[in-house]
Amino acid sequence: MASQDWVDKDFYAILGIAKDASDADIKKAYRKLARQHHPDTNAGNPASEKKFKDISEAYSVLSDADQRQQYDAIRAMGGGARFAPGGNAGGSGGFEDMFGGLFNGNTGRQPGGVNPSSGGIPPEFADLFGGGFGGQPGFQQRRPQKGADRTATTSISFSGSIRGTTIGLREPNGEVIDVRVPAGIKDGQKVRVRGKGQPGAAGNGDLMVAVSVKPHDFYTRDGDNLRIHVPVTFPEAALGADIEVPTLDGEKVRVRVPAGTPSGRTLRVKGKGVTTSKATGDLLVTIDVAVPKNLSKDAEAAVKAFAEATSDADVREGLAAKARL
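The structure contained in this document is the topic of the report that follows. On a predicted model such as this, the values are computed, not experimentally measured, just so you know.

## Re the sheet that holds strand S1 (residues 150-156)
1) Next: Read across the open sheet, the three strands follow the order S1-S5-S4; overall the sheet is mixed. Each having just a single partner strand, S1 and strand S4 (190-193) make up the two edges of the open sheet. When strand polarity is set aside, the average angle formed by the axes of neighbouring strands in this sheet is 25°.
2) Next: Examined bridge by bridge, S1 and strand S5 (residues 207-213) share seven bridges and lie parallel to one another. In the sheet register, Thr-154 faces S5, and the bridge partner there is Val-211.

## Topic: the pattern of salt bridges
1) Next: Across all of its chains, the model carries 17 salt bridges by this definition.
2) Next: The residue Asp-224 makes a salt bridge to Arg-221 at a minimum N-O spacing of 3.5 Å.
3) Next: Within this structure, Lys-9, Lys-50, Asp-54 and Glu-57 form a network of salt bridges that share partners.

## A short note on the pairing of strand S11 (residues 283-289)
1) Next: Counting buried positions over the seven residues of S11 gives five, a clear majority of the element.
2) Next: The sheet contact formed by strand S7 (residues 225-232) and S11 spans seven bridges and is parallel. The partner of Val-232 across the bridge, within S11, is Val-289.
3) Next: Alignment of strand S10 (residues 266-269) against S11, held across four bridges, turns out to be antiparallel. Looking at the pairing, Thr-266 lines up with Thr-286 of S11.

## A closer look at the environment of Ser-212
1) Next: Assignment of secondary structure puts Ser-212 in strand S5.
2) Next: Using a relative accessible area of 36% as the deciding quantity, one classes Ser-212 as partly exposed.
3) Next: In this structure, the C-alpha to C-alpha distance between Ser-212 and Ser-155, residues 57 residues apart in sequence, is 4.6 Å.
4) Next: Excluding residues within four positions of it along the chain, Ser-212 makes contact with Thr-154, Ser-155, Ile-156 and Asp-187.

## Re the packing of helix H3 (residues 23-37) against helix H4 (residues 46-62)
1) Next: Where H3 contacts H4, the axes come no closer than 9 Å and their chain directions differ by 160°. Of the possible angle classes, the one that applies to H3 and H4 is roughly antiparallel. Crossing hand, H3 versus H4: left-handed. Across from Ile-26, Lys-27, Tyr-30, Leu-33, Ala-34 and His-37 in H3, the residues of H4 making contact are Ser-48, Lys-51, Phe-52, Ile-55, Ser-56, Tyr-59 and Leu-62.
2) Next: Partitioning the contact of H3 with H4 into residue classes produces eight nonpolar, three polar and two charged.

## Overview of the packing of aromatic side chains
1) Next: This model, assessed by the stated rule, comprises five aromatic pairs.
2) Next: An aromatic cluster is present here, built from Phe-11, Tyr-12 and Tyr-71 joined pairwise through their rings.

## As for the sheet that holds strand S6 (residues 220-222)
1) Next: Taken in spatial order, the four strands line up as S6-S7-S11-S10 in an open sheet, and their pairing is mixed. With one partner strand each, in any of the chains shown, S6 and S10 form the two edges of the open sheet. On average, adjacent strands in this sheet sit at an angle of 35° to one another, irrespective of strand direction.

About the cut-offs
Residues numbered from 1 in each chain as written. Predicted model: local features only at pLDDT ≥ 70, side-chain atom pairs only at ≥ 80, totals over all residues. Heavy atoms only, no water. Pairing = 2+ DSSP bridges. Helix = DSSP H or I, 4+ residues; strand = E, 2+ residues; numbered from the N terminus. Axes fitted to C-alpha atoms, helices over the stretch in contact; angles between N-to-C directions. Salt bridge = Lys/Arg side-chain N within 4 Å of Asp/Glu carboxyl O. Buried < 20%, exposed > 50% of the residue type's maximum accessible area, 1.4 Å probe, protein only. Contact = heavy atoms within 4.5 Å. Parallel < 35°, antiparallel > 145°, perpendicular 65-115°, else oblique. Left-handed = near helix turned anticlockwise from the far one by under 90°. Nonpolar A, V, L, I, M, F, W, Y, C, P; charged D, E, K, R; others polar. Phe/Tyr/Trp six-rings, centres within 6.5 Å; stacked < 30°, edge-to-face > 60°.

Here's what the structure looks like:
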């Protein structure tokens with residue numbers, strides 16, 4: 001920056017601050033204006049680009065204690081006079097001759113080595129736009145970006161979702177991408193395959209695979225729990241019984257059905273649900289009391305005897321009261 005510019009430009013006015021502004025006031029004003037007029041947010045706007053260069057010049061000088069002192073002195077002594085470089089006023093030497101000793105051959109220095117005429121963001125404001133800008137003249141460049149992510153879908157068996165599996169996705173060019181599906185994945189969750197997305201200057205993006213889980217005829221998933229329905233006979237439900245139910249690992253576990261268990265009651269078997277990296281669920285066993293369709297004469301006689309023995313019990317007592325609106 002030529003010293004003549006220091007007479008012509010009011011850096012305090014450019015930043016909208018008082019002449020006795022503190023360092024904090026200067027930084028605050030610069031941060032606000034730089035964000036507002038940065039070329040990356042004002043593409044194709046020459047006025048904003050010029051404004052950004054002006055505020056960068058102003059901050060370059062006023063944020064440096066030595067330069068600010070020199071600037072204040074020059075403004076006070078220049079008094080708004082106009083000097084041509086190398087010329088003279090009233091027979092005196094040129095403006096640069098008068099104040100040349102103040103600059104030590106380095107005019108327009110930006111703290112941290114950034115030239116404000118380039119429009120660069122000072123290092124202390126690297127967070128202003130994510131820290132991804134360089135100092136090319138007149139515009140800013142973002143740091144190289146990774147390529148975009150790609151998406152795909154796949155369908156796996158219920159068993160594959162519980163135990164984990166690996167599937168192959170074929171690219172149009174014939175390449176097969178192996179996708180490792182972790183144990184315990186839920187329907188609709190996604191698996192990330194790193195580096196298999198679109199290419200980019202900072203590396204490839206990722207492949208995001210949405211997983212659809214096929215339903216099972218017996219098991220139903222409920223979070224990390226598994227639900228099953230198990231039929232029991234009327235005597236088992238009425239008198240109580242120990243029954244065996246299958247589990248995911250192919251084994252059977254004994255479940256105690258308490259006496260008087262109604263149809264629809266759910267019993268819990270701890271730790272026999274879905275195992276993930278974070279937790280293991282339970283097996284939830286819903287009891288269904290099975291009613292026989294065909295009875296032998298002896299069985300029919302036994303049921304009639306039971307009905308007669310329990311004829312004083314009203315299982316629908318209070319039903320009308322519950323049904324009132």
